[in-house]
Amino acid sequence: MATQLNNSFRTSILYHKDHPFTTTTHKATRFHVITNATSKTNSFKELIESGTVRTVLPKDASTVMNSEGFILLDVRPNWEREKAHVRGSLHVPMFVEDKDNGPLTLLKKWVHFGYIGAWTGQYLTTFNSEFVSQVEDVVPGKDTKVLVACGEGLRSMTATSKLYKGGYRNLGWLVGGFNRSQDKDFLDVEGKEKLKYATIGGASYIFLQLLILLQTVSK
């Protein structure tokens, strides 16, 4: 039995010596592939699940702002912020009005205002290509605690991911956005409407989410 094991061991050594593509080589290649996969930027879901980005409920927002030093960053477009906003919050829109007058954009505007804009008061928007650089202008420190918020939580998800890729490392995300907030959550609000109603609601809300998702995916 011992002689048989010794012969098998010698055969194994000779095989590895004569064949460059050994098991060790395959393991090294596999490790290289895994390293490449894990080097990619995490998705928003991974950022949340790993705790890299902190989730903050509207009812806890004032606490993390007043006691923990988080700065509130409102990423809604101008026309939503004008309706209602938290006093002292910073503002950099994630999406801006699409002012392109090309044939395709004009057609999109016609469809938008016919089926969405007339219901919601929302303009046809496009991604703000200078979003991260504009945030850097108002929040130059990448270690600053920033609580990112929008009307419903979707646009702020995209904004948070963009900021993380841009080097910000102390990020919070307002879960559900201002729409989920109650009057007592943000006491110092400016504007003619309640903060929770400053975006939209009902069936038109669903249409806008689909529009934003299409715009985000296309960028």
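Please refer to the structure placed before this passage.
Everything numeric here is computed off the predicted structure, so don't read it as measured data.

### Observations concerning the overall build of the chain
- Helices and strands together make up the secondary structure of the chain, namely nine helices and nine strands.
- Scored against the burial criterion, the 219 residues of the chain give a buried share of 38%.
- Long-range pairs, those at least 24 residues apart, make up 71% of the contacts in the chain with a sequence separation of at least 6.
- About 13,300 Å² of surface is accessible on the chain, with carbon and sulfur atoms providing 57% of the total.

### A closer look at the pattern of salt bridges
- One pass over the full model with this rule turns up 10 salt bridges.
- Sharing partners across several salt bridges, the network here consists of D74, R76 and R81.

### Description of the sheet that holds strand β8 (residues 171–174)
- As summarised here, the arrangement of the five strands in space is β1-β8-β7-β2-β4, forming an open sheet in which the pairing is parallel. Of all strands in the sheet, those with a lone pairing partner are β1 (54–56) and β4 (90–91), marking the two edges.
- Packing of helix α4 (residues 58–66) onto the sheet brings it into contact with β1, β2 (71–74), β7 (146–149) and β8, and relative to β1 it is tilted by some 115 degrees.

### Things to note about the environment of L174
- As for its position among the elements, L174 is in strand β8.
- Overall, L174 belongs to the buried group, its relative accessible area being 0%.
- Counting along the chain gives 114 residues from L174 to D60, while the straight-line C-alpha distance between them is 9.3 Å.
- Contacts of L174, omitting those with residues within four sequence positions, involve V56, L57, P58, A61, L147, V148, A149, G153, S156 and F186.

### Here's the deal with the nonpolar core
- Residues V75, F131, V135, L163 and L171 are the most contacted members of the largest nonpolar core, which totals 21 residues.
- For this core, the secondary-structure elements that each account for two or more residues are α3 (44–49), α7 (131–138), β7, α8 (154–165) and β8.
- A per-element tally of this core places α8 first, with three residues.
- Every residue in contact with L171, bar those within four places of it in the chain, is listed here: T52, V53, R54, F70, V146, V148, T160, L163 and Y164.
- Among the nonpolar cores identified, the runner-up in size contains 14 residues, and F70, L72, L174 and F178 belong to it.

### Structural notes on the pairing of β2
- Where β2 lies against β7, four bridges are found, and the strand directions are parallel. Among the inter-strand pairings, L72 is bridged to a residue of β7, identified as L147.
- Sheet topology note: the β2/β4 ladder contains two bridges and is parallel. Paired with L73 across the bridge in β4 is L90.

### Comments concerning the pairing of β7
- In β7, alternate side chains face the same way, and those of V146 and V148 on one face and L147 and A149 on the other are all buried.
- Relative to β8, β7 is paired through three bridges, and the arrangement is parallel. Bridging across to β8, V148 finds its partner in W173.
- Since β7 and β8 lie parallel, the crossover through α8 that links them has a hand, and here it is right-handed.

Each value, and the rule that gives it
- Residues numbered from 1 in each chain as written.
- Predicted model: local features only at pLDDT ≥ 70, side-chain atom pairs only at ≥ 80, totals over all residues.
- Heavy atoms only, no water.
- Helix = DSSP H or I, 4+ residues; strand = E, 2+ residues; numbered from the N terminus.
- Buried < 20%, exposed > 50% of the residue type's maximum accessible area, 1.4 Å probe, protein only.
- Contact = heavy atoms within 4.5 Å.
- Areas by Shrake-Rupley, 256 points an atom, 1.4 Å probe, with all protein chains shown as cover.
- Salt bridge = Lys/Arg side-chain N within 4 Å of Asp/Glu carboxyl O.
- Pairing = 2+ DSSP bridges.
- Axes fitted to C-alpha atoms, helices over the stretch in contact; angles between N-to-C directions.
- Core = buried A, V, L, I, M, F, W, Y, C linked by side-chain atoms within 4.5 Å.
- Right-handed = clockwise from strand over helix to strand, strands pointing away.

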